[in-house]
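Summary of structural features
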Amino acid sequence: DAGVIQSPRHEVTEMGQEVTLRCKPISGHDYLFWYRQTMMRGLELLIYFNNNVPIDDSGMPEDRFSAKMPNASFSTLKIQPSEPRDSAVYFCASRTGGSKLFFGSGTQLSVL
Amino acid sequence: SQKIEQNSEALNIQEGKTATLTCNYTNYSPAYLQWYRQDPGRGPVFLLLIRENEKEKRKERLKVTFDTTLKQSLFHITASQPADSATYLCALGAGNTDKLIFGTGTRLQVFP
């Protein structure tokens, strides 16, 4: 299995631009999580899905952030408009009924 | 508010010694606790899970303890090796939610 696949690996954009991060979970996993990691705040849970349905989005910082999961093999996290304080590494993770998470390699986002 | 604390300062130890990392939590009643390893530029990788009714768990050179009275978990790496150098994250999960909340991590450096 290829594991959780995220794209792009690196994204550099200017303030005000729309950013879309993509994730392909491990086949057969029915949970998908989006986390954001910064030096100051560590790994923060943004939102998670179960069977493609958003269950808890209380960690989404504000309305500029949105996430979708149109099918079991694809999810997106969108930031519109982006701001410099959104600069971080964004991780996608998936799992089955067990609690162990499998993480992707992350997307390093830099908003100038 | 819920808080998970790990030593923010790096832990430096000599090869062959036992490394001990600490995870403390407040205002939380986890059903289980997990430890992950994270290397630079990579996503966290699952190492061990321990449930609230377990005192200790072992896996090869790794040992985890869980004290729900002290609200603390200790993570030990015996006979440490330079290859063990990484950041180690603890994560707590509650029984009534699928969320996994992470600490900020402790960086371990093992010197030859």
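Here's what I pulled together on the structure shown here.

Conventions and cut-offs
Residues numbered from 1 in each chain as written. Chains lettered and ligands numbered in written order. Predicted model: local features only at pLDDT ≥ 70, side-chain atom pairs only at ≥ 80, totals over all residues. Heavy atoms only, no water. Helix = DSSP H or I, 4+ residues; strand = E, 2+ residues; numbered from the N terminus. Buried < 20%, exposed > 50% of the residue type's maximum accessible area, 1.4 Å probe, protein only. Contact = heavy atoms within 4.5 Å. Phe/Tyr/Trp six-rings, centres within 6.5 Å; stacked < 30°, edge-to-face > 60°. Polar contact = N/O pair within 3.5 Å; in protein donor to acceptor, adjacent residues only side chain to side chain.

Right, let's get into the environment of B:Leu21. Residue and element names in this part refer to chain B. Positionally, Leu 21 belongs in strand β3 (residues 19-26). Accessibility expressed as a relative area gives 2% for Leu 21, which makes it buried. Once the C-alpha coordinates of Leu 21 and His 76 are considered, the two residues, 55 residues apart in sequence, prove to be 6.4 Å apart. Residue contacts for Leu 21: discarding those within four places in its chain leaves Leu 11, Trp 35, Ser 73, Leu 74, Phe 75, Tyr 88 and Thr 106.

A separate point is the packing of aromatic side chains. Residue and element names in this part refer to chain A. By the definition in use, this model includes 13 aromatic pairs over all chains. Centre to centre, the rings of Tyr 31 and Phe 33 are 6.3 Å apart; their planes meet at 15°, and the pair counts as stacked. Take Tyr 31: its relative accessible area is 12%, and that puts it in the buried class. Between the aromatic rings of Phe 33 and Tyr 35, the centroid separation amounts to 6.4 Å while the plane-to-plane angle is 25°, which identifies the pairing as stacked.

Residues and elements named next belong to chain A. On the secondary structure map, Ser 75 appears in strand β8 (residues 74-79). There is a polar contact of 2.8 Å between the side chain of Ser 75 and the backbone oxygen of Lys 68. With residues near it in sequence (within four places) discarded, Ser 75 still touches Leu 21, Arg 22, Cys 23, Leu 32, Trp 34, Phe 49, Lys 68 and Met 69.

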